[in-house]
Amino acid sequence: MKSFDLRYQETRIHFGDRSVEKLKGYIQKMNHVILVTGKNSARLSGAMDDVEKLLKEEDVDLKVYDNIRPNPTTEIADDLADLLREEKPDCVIAIGGGSVIDTAKVASVIAIGGGCAEDYLRGRKIGGYLPLFVVNLTHGTGSEVDRYAVLTSGKIKMGISARYPTASFDDPRYMLSLPVKQSIYTSIDAFFHAYEALTSRHSNPFVRTLSLDSAEIIGENLPKNQDIEAKRNLLYASMIAGISLDMSPAHVVHAIEHALSGINPDLPHGCGLAMVGARSIYWIHRHSEASKEIIQKLTRERIDDAKSAEDIFKRFLEEIGFEERLSDYGFGRDDFREVEKIVFEDLRYLLRRAPFNLTRDMLIDILENSL
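Reading the values: rules and limits
- Residues numbered from 1 in each chain as written.
- Predicted model: local features only at pLDDT ≥ 70, side-chain atom pairs only at ≥ 80, totals over all residues.
- Heavy atoms only, no water.
- Helix = DSSP H or I, 4+ residues; strand = E, 2+ residues; numbered from the N terminus.
- Buried < 20%, exposed > 50% of the residue type's maximum accessible area, 1.4 Å probe, protein only.
- Polar contact = N/O pair within 3.5 Å; in protein donor to acceptor, adjacent residues only side chain to side chain.
- Expected span 1.5 Å × (residues − 1).
- Contact = heavy atoms within 4.5 Å.
- Salt bridge = Lys/Arg side-chain N within 4 Å of Asp/Glu carboxyl O.
- Pairing = 2+ DSSP bridges.
- Axes fitted to C-alpha atoms, helices over the stretch in contact; angles between N-to-C directions.
- Phe/Tyr/Trp six-rings, centres within 6.5 Å; stacked < 30°, edge-to-face > 60°.
- Core = buried A, V, L, I, M, F, W, Y, C linked by side-chain atoms within 4.5 Å.
- Left-handed = near helix turned anticlockwise from the far one by under 90°.
- Nonpolar A, V, L, I, M, F, W, Y, C, P; charged D, E, K, R; others polar.

S.K.: Please clarify how the side chain of Asn 233 should be interpreted in this entry.
M.R.: Residue position: Asn 233 is located in helix α9 (residues 228–247). Taking relative accessible area as the criterion, Asn 233 reaches 17% and is therefore assigned buried.

What follows is the structure in structure tokens.
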């Protein structure tokens, strides 16, 4: 796959091997930057060393903030924002997956617009933000190209329309260090971005084109050995699914997963989507003609009805090595009431995008079938 540059909304996307080297053109004449990362992935992938080298070549001072964890909280975003206000950097460089990128998005808004992360989750108007450059480390987030950020407040995991990155760098070399499970989780995340965007009330012909292409590429590459070619393809599929999601946001599957990983922050996002995804597909399929087309693109199997869509997706998960259940993360029937409350009260904004009205009985059925 040839490297390319693309402008989408406010973001300049640089895609391909060694695309991170184009960061150099953005940091010239800068004096001080903050690097935002998690504990290990930025260094293990090689991205941290590459970025530090570029900064050193341009004589740019840097400070590292590496306190980001999966399913980040509003407190972490506020802590980073405090550092940004204190340090007054020329820009923020986020090196990581969705958790790192989303936290950096919100913190870069707070640093200029004031307030705290909770304010923006509750609707505070965005009044500006620091330049943000993203070096993406997963083929699933889509956050390097979309405007959304997801943070957890208490047990409530919510998404907001925060901001687009200034520029993003999708370099597939950094995906080679992803553990096998994370490769599966992030790819399933990308698939559900495509699936829910296509089946949303807000879908359009462009979303359809991107979503179907994304699903087909994921289906062709996910079961294979994860060499650099597969990583390029999966990263591309994730990027175009991110654009689909930005234009036509997620609904039922993400609402349920957000409730679950808000309750248990140790549940990886893509893993949660995979666990509740099969039975969610059953209900979505009954109300969306587009579901058949995209499941067929993913699996290359004929779909006859909603039950076959569910069963074929389950078989696809088994073939790529995914076998986890909600019970593996401590969930049981005693948790259903809390999940129900979060989904129908705190996350109802997600349900409005669905092609049907999710009922309590449908939700309980999805959870029962995912235990």
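S.K.: Hey, could you run me through the side chain of Ser 370 in this one?
M.R.: Secondary-structure assignment places Ser 370 in the segment after α16 (360–368). Within the structure, the side chain of Ser 370 is placed 3.1 Å from the backbone oxygen of Met 275, a separation counted as a polar contact.

S.K.: Looking at this structure, I do not really get unusual backbone geometry. What am I missing?
M.R.: With the exception of glycine, the majority of residues adopt a negative phi angle, and the majority of peptide bonds are in the trans configuration. Positive phi, close to 65 degrees, is recorded for Arg 18, a residue that is not glycine. Looking at Arg 18, the relative accessible area reads 47%, which means it is partly exposed. For Asp 59, which is not a glycine, the phi torsion comes out positive at approximately 60 degrees. Along the polypeptide, Asp 59 turns up in the loop between α3 (47–57) and β4 (61–65).

S.K.: Which parts of the structure should I look at to understand helix α13 (residues 306–319)?
M.R.: The end-to-end C-alpha distance of α13, which contains 14 residues, comes to 20 Å, matching closely the 20 Å that a straight helix rising 1.5 Å per residue would cover. Within α13, burial applies to Ala 306, Ser 308, Ala 309, Glu 310, Ile 312, Phe 313, Phe 316 and Leu 317. Looking at the buried positions of α13, the neighbouring elements they touch are α7 (180–199), α8 (205–221), α11 (269–285) and α12 (290–299). Between the side-chain oxygen at the start of α13 and the backbone nitrogen of Lys 307 there is a gap of 3.3 Å, and the oxygen is on Asp 305. Positive backbone phi, approximately 95 degrees, marks Gly 321, located one or two places after α13.

S.K.: It is not clear to me how the pattern of salt bridges should be interpreted in this structure. Could you clarify?
M.R.: Summed over the entire model, instances satisfying the criterion amount to 33 salt bridges. For Asp 50, the salt bridge is made with Arg 173, and the minimal N-O distance between the two is 3.4 Å. One end of the pair, Asp 50, is in helix α3; the other, Arg 173, is in the loop between β9 (167–170) and α7, with 123 residues separating them in the sequence. What makes Asp 50 partly exposed here is its relative accessible area of 24%. Glu 310 is the partner of Lys 307 in a salt bridge, and the nearest nitrogen-oxygen pair spans 3.9 Å.

S.K.: It is not clear to me how the sheet that holds strand β1 (residues 4–8) should be interpreted in this structure. Could you clarify?
M.R.: Pairing between the strands of a sheet comes from backbone hydrogen bonds, and it takes one of two forms, parallel or antiparallel. If you walk across this open sheet you meet the seven strands as β1-β2-β9-β6-β5-β3-β4, and the pairing is mixed. Of all strands in the sheet, those with a lone pairing partner are β1 and β4, marking the two edges. Going from strand to strand, the sheet's axes swing by 20 degrees on average, the running direction of each strand aside. As paired strands, strand β6 (residues 132–136) and β9 are joined by three bridges and run parallel to one another. In the sheet register, Val 134 faces β9, and the bridge partner there is Ser 168.

S.K.: Is there a simple way to think about the environment of Ile 13 in this case?
M.R.: For Ile 13, the location among the structural elements is in strand β2 (residues 11–15). Residue class for Ile 13 comes out buried when judged on its relative accessible area of 0%.

S.K.: When you look at the packing of aromatic side chains in this model, what are you seeing that I'm missing?
M.R.: Note on aromatic pairs: each is described by the distance of the centres and the angle between the planes. For the structure shown, the criterion picks out 14 aromatic pairs. Plain terms: the ring middles of Phe 15 and Tyr 236 are 6.0 Å apart, the flat faces sit at 85 degrees to each other, and that makes the pair edge-to-face. With Phe 15 in strand β2 and Tyr 236 in helix α9, the pair connects residues that are 221 residues apart, well separated along the chain. The class of Phe 15 is buried, set by a relative accessible area of 2%. Aromatic pair Phe 192 and Tyr 195: ring centres 6.0 Å apart, planes at 80 degrees, arrangement edge-to-face. One end of the pair is Phe 192 and the other is Tyr 195, both in helix α7 and three residues apart, which spans about a single turn.

S.K.: What is the right way to read the environment of His 285 from this model?
M.R.: Mapped onto the elements of the fold, His 285 is located in helix α11. Look at His 285 and you get buried, because its relative accessible area is 12%. Remark: the alpha-carbon pair of His 285 and Pro 355, spanning 70 residues in sequence, is separated by 9.5 Å. Not counting chain neighbours up to four residues away, the residues in contact with His 285 comprise Tyr 195, Ser 291, Lys 292, Ile 303, Asp 305, Ala 306 and Ala 309. Among the polar contacts listed, one links the side chain of His 285 to the side chain of Ser 291, at a separation of 2.8 Å.

S.K.: What exactly am I supposed to notice about helix α10 (residues 252–263) here?
M.R.: Two residues of an α-helix separated by three or four positions point the same way, owing to the 3.6 residues in each turn. Compared with the 16 Å implied by 1.5 Å per residue over twelve residues, the 17 Å span of α10 between its first and last C-alpha is a close match. Within α10, burial applies to Val 252, Val 253, His 254, Ala 255, Ile 256, Glu 257, His 258, Ala 259, Leu 260, Ser 261, Gly 262 and Ile 263.

S.K.: I would appreciate a short explanation of the nonpolar core in the present structure.
M.R.: Soluble globular proteins tend to bury their nonpolar side chains together. Residues Ile 188, Phe 191, Phe 192, Leu 260, Ile 294, Phe 313 and Leu 358 are the most contacted members of the largest nonpolar core, which totals 99 residues. Considering each element in turn, this core owes the most residues, ten residues, to α11. Leave out the neighbours within four places in its chain, and Leu 358 touches Val 252, Val 343, Phe 344, Leu 351, Leu 363 and Ile 366. Judged by nonpolar contacts, the second largest core, of 22 residues, contains Met 30, Leu 35, Ala 42 and Leu 137.

S.K.: Please explain the packing of α11 against α16 as it appears in this structure.
M.R.: Helices that pack against each other are described as a pair by the angle of their axes relative to one another and the distance between those axes. Interaxial distance between α11 and α16 falls to 8 Å at its minimum, and their mutual angle equals 145 degrees. Relative to α16, the crossing made by α11 is right-handed. Residue-level inspection shows Val 276, Arg 279, Ser 280 and Trp 283 of α11 in contact with α16, the latter providing Met 362, Asp 365 and Ile 366. Across the contact of α11 with α16, the residue classes tally to four nonpolar, one polar and two charged.

Nothing here speaks to function; it is geometry throughout.
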